[in-house]
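One-letter residues, chain by chain:
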Amino acid sequence: MTLTAVDHVQLAAPPGSEDLLRSYYVDVLGMTEVPKPPVLAARGGCWFEAGGVRLHVGVEDDFRPAQKAHPGLRVRDIEAYADRLTVHGADVTWDDNLPGHRRFYSWDPAGNRLEFLEPLA
């Protein structure tokens, strides 16, 4: 018995934020929205995928974004990806404190922090 992969990462957002989340995750990040099973869709929220990355965003009535917790998402051509986010109006904050990597942080419309990183060659 062994762990084999992370299936998905669950984030949270306030009720009624789904359209803003769709705009960010699809238009800004370039992910695809994946339909939720009907029994789960009734709860609200959205699911997104890109490559092997799956992010589920669920609804919480008393939502508060985490200050530290975040998914770390690997990207190729991180400079171009950061430019994409900036062109779409998303904040990008570079952080040079992880040896062997280029990385930056951005925040979704609900305030969830996302880390984007690329190993140095």
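First things first, this report covers the structure right here in the doc. Residue numbers run consecutively from 1 along every chain, following the written order of its sequence. Local features in a predicted model are, by the rule used here, given only for residues with pLDDT of at least 70; side-chain atom pairs are given and counted only at 80 or more, and totals for whole chains, interfaces and linings are based on all residues. Hydrogens and water are ignored here; the side-chain numbers use all heavy atoms of the structure.

So, about the packing of aromatic side chains. Aromatic ring pairs: the centre-centre distance and the angle between the two ring planes describe each pair. Pairing of aromatic rings covers Phe, Tyr and the six-membered ring of Trp, with a centre-to-centre limit of 6.5 Å; geometry is then stacked below 30 degrees between planes, edge-to-face above 60, and tilted otherwise. Across all of its chains, the model carries five aromatic pairs by this definition. Aromatic pair Tyr 24 and Tyr 25: ring centres 5.1 Å apart, planes at 85°, arrangement edge-to-face. Ring geometry for Tyr 25 and Phe 48: centres 4.9 Å apart, planes at 20°, overall stacked. Here Tyr 25 is found in helix α1 (residues 18-28), whereas its partner Phe 48 is found in strand β3 (residues 46-50), with 23 residues between them in sequence. Grouping residues by exposure puts Tyr 25 and Phe 48 together as buried. Only DSSP runs of H or I covering at least 4 residues are called helices, and only runs of E covering at least 2 are called strands; the numbering of each starts at the N terminus. Here's how the labels work: a residue is buried when its accessible area is under 20% of the maximum for its type, exposed when over 50%, partly exposed in between, all with a 1.4 Å probe on protein chains only.

Among all residues except glycine, the phi angle is most often negative; among peptide bonds, the trans geometry is most common. Its identity is not glycine, yet Asp 77 carries a phi of approximately 60°, on the positive side. The topology assignment puts Asp 77 in the loop between β5 (72-74) and α3 (78-87).

The next thing to look at is the pattern of salt bridges. Throughout this description, the term salt bridge denotes a Lys or Arg side-chain nitrogen within 4 Å of a carboxyl oxygen of Asp or Glu. Tallied over the full model, the rule gives seven salt bridges. Between Glu 115 and Arg 103 there is a salt bridge whose closest N-O contact spans 3.1 Å. Taken together, the residues span a long stretch of sequence, with Glu 115 in strand β8 (residues 113-119) and Arg 103 in strand β7 (residues 101-107) at a distance of 12 residues. Each of Asp 19, Arg 22 and Glu 33 takes part in a single network of salt bridges with overlapping partners.

Along the chain, the position of Lys 36 falls in the loop between β2 (32-34) and α2 (38-41). Within this scheme the basic residues Lys and Arg register as positive and the acidic residues Asp and Glu register as negative, but His and the chain ends are omitted. Glu 18 provides the closest opposite charge to the buried, salt-bridge-free Lys 36, at an N-O distance of 7.3 Å. The definition of a polar contact used here is a pair of N or O atoms within 3.5 Å, where within protein one atom must be able to donate a hydrogen and the other to accept one, and adjacent residues in sequence count solely through side-chain atom pairs. Within the structure, the side chain of Lys 36 is placed 3.3 Å from the backbone oxygen of Leu 40, a separation counted as a polar contact. In this analysis, two residues are considered to be in contact whenever any of their non-hydrogen atoms come within 4.5 Å of each other. In this structure Lys 36 touches Ala 41, Gly 44, Gly 45, Cys 46 and Trp 47, once residues within four positions along its chain are discounted.

Note on helix geometry: an α-helix contains 3.6 residues per turn, so any two residues three or four positions apart are oriented the same way. Those residues of α3 not exposed but buried are Ile 78, Tyr 81, Ala 82 and Leu 85. For α3, the angular spread of the buried residues around the axis is 100°, confining them to a single face. Those residues of α3 hidden inside the fold are in contact with α1, β6 (93-94), β7 and β8. Looking at the residues trailing α3, positive phi occurs at Gly 89, about 90°. Directions drawn from the helix axis to the C-beta atoms are what define this arc.

Further remarks concern the pairing of β8. The buried fraction of β8 amounts to six of the seven residues, a majority that puts the element mostly inside the structure. When DSSP locates at least two bridges between a pair of strands, those strands are taken to pair. As defined by bridge partners, β5 adjoins β8 across three bridges and the pair is classed as parallel. When the sheet's bridge partners are listed, Arg 74 is paired in β8 with Leu 117. In terms of strand pairing, β7 meets β8 through seven bridges, oriented antiparallel. Across the sheet, Tyr 105 pairs through a bridge with Glu 115, a residue of β8. A loop of five residues connects β7 with β8, the two strands running antiparallel in sequence, and Gly 111 in this loop sits at a positive phi of about 95°.

With that settled, consider the sheet that holds β5. With respect to topology, four strands assemble into an open sheet ordered β5-β8-β7-β6, the strand pairing being mixed. The open sheet has two free edges, formed respectively by β5 and β6, since each of these has just one partner strand. Note that β6 and β7 share two bridges and pair antiparallel. The residue of β7 that forms the bridge with Trp 94 is Phe 104. Between N-to-C directions, angles cover 0 to 180 degrees, with each direction set by a line fitted to C-alpha atoms, over the stretch in contact for helices. Relative to the sheet, α3 contacts β6, β7 and β8, its axis offset from that of β7 by approximately 15°.

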